[in-house]
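Chain residues, written in single-letter form:
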Amino acid sequence: MKKLFLALSLLIPVLVSGQSQKAKSNGLITRKSTYSVNETMAKVEQTLKDIGIPIFAKFDHGKNAEEAGLEMKPAQVIVFGSPKVGTNLMIANPSISIELPLKIAVWEDKEGNVRVEFPDMMQLAARYGMESNPIINNMQTLLEKIVSKATNM
C-alpha cells in the first residue's frame, strides 16, 4: 500500500504537468477575469480605444447562439490591430496574415468563471519562423497589458 501511494504521489505531478503542457500547446494564453463577460469585454474595448488601436469587429457568440435557438454560455471575441504594425509582419511572411488582425476572446466556463484568451505570440512567431522579429515581443507585451487592465489581475 505504501508503494502504491508513493508511486501515485510521484506520478500525479507528471500527469498534471502533461496536462499543463497540452493546454499550452494550443497557442493561447488564458487568464481569469474578476468581471462578467460583458464587463471584461467593455474593459478590453475601452483599453483599445484609450491607446488608439482600431477595433475591426466584435462577435457575441452567446447572442448569436441564442438567436439560432441554441443555448451557450456567454462568449465574445474582439478583432483589432494596427495596420502599420501587422502589415510589417505580413511583408516579412505573408502566411502570418491568417493570424492577423489580433483577437481576444472572453467567455464563461462551465463553472461560471470568466476566462480571457489571446494568442501566445512567441508560439505564433515560431510557427512562422519570426522569433527574432521585434514586433512580436511588442505585440505580446501589448496583449498582456490589455488583458491585465481588463481582468484586474
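Everything quoted here is computed from the prediction, not taken from an experiment.

A word on the overall build of the protein
Of regular secondary structure, the protein possesses six helices and five strands. The N-to-C order of helical and strand elements in the protein reads α-β-α-β-α-β-α-β-β-α-α. Residues counted as buried form 33% of the 153 residues belonging to the protein. Nonlocal contacts in the protein, meaning residues at least 24 apart in sequence, comprise 66% of its contacts between residues at least 6 apart. Surface exposure of the protein reaches about 9700 Å², of which carbon and sulfur atoms provide 59%.

A look at the sheet that holds strand β4 (residues 102-108)
An order of β1-β5-β4-β3-β2 is seen for the five strands of this open sheet, with the pairing classed as antiparallel. Strand pairing shows two members of the sheet lacking a second neighbour, β1 (28-33) and β2 (55-60), which therefore form its edges. The mean angle between the axes of side-by-side strands here comes to 15°, regardless of whether they run parallel or antiparallel. Pairing between β1 and strand β5 (residues 114-119): six bridges, direction antiparallel. Note on β5: the bridge partner recorded for Arg 31 is Val 116. On top of the sheet, helix α2 (residues 37-50) reaches β1, β2, β3 (75-80), β4 and β5; it is set at about 10° to β3, its chief contact.

Some points on the confidence of the model for the protein
Averaged over all residues, the pLDDT of the protein is 87; the fraction at 70 or higher stands at 84%. Note on residues 1-23: pLDDT under 50 across the span, and zero contacts to partners over four residues away in sequence or across chains.

Some thoughts on the packing of helix α4 (residues 83-92) against helix α6 (residues 134-151)
At a closest axis distance of 10 Å, the pairing of α4 and α6 adopts a crossing angle of 140°. Between α4 and α6, the angle falls in the class oblique. In terms of crossing hand, the pair formed by α4 and α6 is left-handed. Each of Val 85, Asn 88 and Leu 89 in α4 lies in contact with α6, whose residues at this interface are Ile 135, Ile 136 and Met 139. Looking at the contact of α4 with α6 residue by residue, the class counts come to five nonpolar, one polar and no charged.

Let's talk about the pairing of β5
Burial analysis of β5 places five of its six residues in the buried class, which makes it a mostly covered element. The sheet contact formed by β4 and β5 spans four bridges and is antiparallel. Its bridge partner being in β5, Trp 107 is matched across the sheet by Arg 115. Remark: five residues form the turn of the hairpin made by β4 and β5, two consecutive strands paired antiparallel; Gly 112 in that turn has positive phi of roughly 90°.

Brief notes about the pattern of salt bridges
This structure, assessed with the given rule, holds five salt bridges. Lys 58 is the salt-bridge partner of Glu 45, the closest N and O atoms lying 3.0 Å from each other. Remark: Lys 58 occurs in strand β2 and Glu 45 occurs in helix α2; sequence separation between them is 13 residues.

Calculation notes
Residues numbered from 1 in each chain as written. Predicted model: local features only at pLDDT ≥ 70, side-chain atom pairs only at ≥ 80, totals over all residues. Heavy atoms only, no water. Helix = DSSP H or I, 4+ residues; strand = E, 2+ residues; numbered from the N terminus. Buried < 20%, exposed > 50% of the residue type's maximum accessible area, 1.4 Å probe, protein only. Contact = heavy atoms within 4.5 Å. Areas by Shrake-Rupley, 256 points an atom, 1.4 Å probe, with all protein chains shown as cover. Pairing = 2+ DSSP bridges. Axes fitted to C-alpha atoms, helices over the stretch in contact; angles between N-to-C directions. pLDDT = per-residue confidence, 0-100. Parallel < 35°, antiparallel > 145°, perpendicular 65-115°, else oblique. Left-handed = near helix turned anticlockwise from the far one by under 90°. Nonpolar A, V, L, I, M, F, W, Y, C, P; charged D, E, K, R; others polar. Salt bridge = Lys/Arg side-chain N within 4 Å of Asp/Glu carboxyl O.

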